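Examining the three-dimensional arrangement
As a plain string of letters, each chain reads:
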Amino acid sequence: MRLALGVEYDGSAFRGWQTQPGGNTVQDALEAALQQIAGVPVEVVCAGRTDAGVHATGQVVHFDPPVTRPITAWVRGVNTFLPDAVAVRWVHPVGAVFHARFSAFGRCYRYVLINRPQRTGVWHGRAGWYHHPLDVEAMRRGASLLLGEHDFSAFRAAGCQAKSPVKTVRRAEVRRAGDIIVFDFEAGAFLHHMVRNLVGSLVYVGQGKRPPEWMSSLLQSGDRRLAAPTFSAAGLYLVEVKYEPHWGLPVSSGVLLPDSLGL
């Protein structure tokens, strides 16, 4: 039997999702907790690897349990052994052909930005910050130009391992409530640093450094050097991974404060 898990985490103190020799990754923490329940090593596969400092409310992973345990053991039991910043939200049996990464048809990322002169205290490590006033309407117009299928090379990290820079963006929205600006993006898949690079360039538009049409020019150029610097990881969340209904998985998105503000 294969199991899918819904996982959320505060990435502030981790070196990213993927296990590495130095340890202190989310994958390391989750696999160690699963081993406590299984009694033997367990390896997990995630839907989307997140960088150091990036968070998730809707990460999905799968693993093949080497022993039989009650379903509750894979949630409450595992959570007992996880650090406070990581939690399993749900578990669901799936067929052996299910794959957390390859069975997904969509991924949704949210970037939370505090826009005010003073830095944030409560949101430290959990939101980006920009001190100059930003024109949300201009950023909305710029974001709308990202919709559809494009070559996103201008927003791709140098070390990106994706086979193709061509991605289809189905959602690119910018909303504001008070000092909080929220950027929402949905695509089948994203390039390495793509969302943070998009946010950085949209902030340039919001500040008036560039017109909204600049976003189209960047897409056409395919030149990463022409776009804005990569924005802080602190405000980025993987909020949902989408699968076909026949898998029966719970909706993996989590609620962040901006939702309660009506955004």
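The sections below set out a description of the structure shown in this document. Numbering of residues begins from 1 in every chain and follows the order in which that chain's sequence is written. Selection of residues for local features in this predicted model requires a pLDDT of at least 70, selection of side-chain atom pairs for listing and counting requires 80 or more, and totals for whole chains, interfaces and linings are taken over all residues. Side-chain measures were taken over the full set of non-hydrogen atoms in the model, leaving aside hydrogen atoms and water.

Here we look at the pairing of strand β5 (residues 106–115)
Between buried and exposed lies partly exposed: a residue is buried under 20% and exposed over 50% of the maximum accessible area for its type, with that area taken using a 1.4 Å probe on protein chains only. A run of DSSP states H or I qualifies as a helix once it reaches four residues; a run of E qualifies as a strand once it reaches two. Both are numbered from the N-terminal end. Most of β5 is tucked away: ten of the ten residues are buried. Side-chain alternation along β5 places Gly106, Cys108, Arg110, Val112 and Ile114 on one buried face and Arg107, Tyr109, Tyr111, Leu113 and Asn115 on a second face that is also buried. Pairing of β5 with strand β9 (residues 180–187) involves eight bridges; the strand directions are antiparallel. In the strand pairing of β9, Arg107 is matched with Ala187. Two strands qualify as a pair provided that DSSP identifies no fewer than 2 bridges between them. Where β5 lies against strand β6 (residues 128–130), three bridges are found, and the strand directions are parallel. The partner of Asn115 across the bridge, within β6, is Tyr130.

Thoughts on unusual backbone geometry
With phi around 60°, Asn24 is a residue other than glycine that occupies positive phi space. Structurally, Asn24 is set in the loop between β1 (2–9) and α1 (26–38). Its identity is not glycine, yet His193 carries a phi of approximately 70°, on the positive side. Its location among the elements puts His193 in the loop between β9 and α4 (194–207).

Focus on the pattern of salt bridges
Think of a salt bridge as a Lys or Arg side-chain nitrogen and an Asp or Glu carboxyl oxygen that are within 4 Å of each other. A full pass over the atoms with the stated rule returns twelve salt bridges. The partner of Arg89 in a salt bridge is Glu8, and the shortest N-O contact between them spans 3.7 Å. Of this pair, Arg89 sits in strand β4 (residues 86–94) while Glu8 sits in strand β1, and the two are 81 residues apart along the sequence. Glu8 gets classed as partly exposed once you look at its relative accessible area, which sits at 30%. With a closest N to O distance of 3.0 Å, Glu137 and Arg140 form a salt bridge. A residue pair is termed a helical-turn pair when its members lie 3 or 4 positions apart in one helix, as Glu137 and Arg140 do in helix α3 (residues 136–144) at three residues. Take Arg140: its relative accessible area is 37%, and that puts it in the partly exposed class. Taken together, the shared-partner salt bridges in this structure form one network comprising Arg110, Arg171, Glu173, Arg175 and Asp184.

Some points on the environment of Leu146
Within the secondary structure layout, Leu146 lies in the loop between α3 and β7 (148–151). On the basis of relative accessibility, which here comes to 0%, the residue Leu146 falls in the buried class. In this description, contact between two residues means that some pair of their heavy atoms is separated by no more than 4.5 Å. Each residue touching Leu146, except ones within four places of it in the same chain, is listed here: Phe152, Val169, Phe185, Leu198, Met215 and Leu219.

Thoughts on the nonpolar core
Inside soluble globular proteins, nonpolar side chains tend to come together where they are buried. Take the buried residues of types Ala, Val, Leu, Ile, Met, Phe, Trp, Tyr and Cys, join any two whose side-chain atoms come within 4.5 Å, and each joined set is a nonpolar core. Counting 79 residues, the largest nonpolar core has Leu30, Phe155, Phe183, Phe185 and Tyr243 as its most contacted members. The contact partners of Phe155, leaving out residues within four places of it in the chain, are His192, His193, Met194, Asn197, Leu198, Ser201, Met215, Leu218, Leu219, Arg224 and Ala227. If you look at the next biggest cluster of nonpolar residues, it comprises nine residues, including Ile114, Ile180, Tyr237 and Val239.

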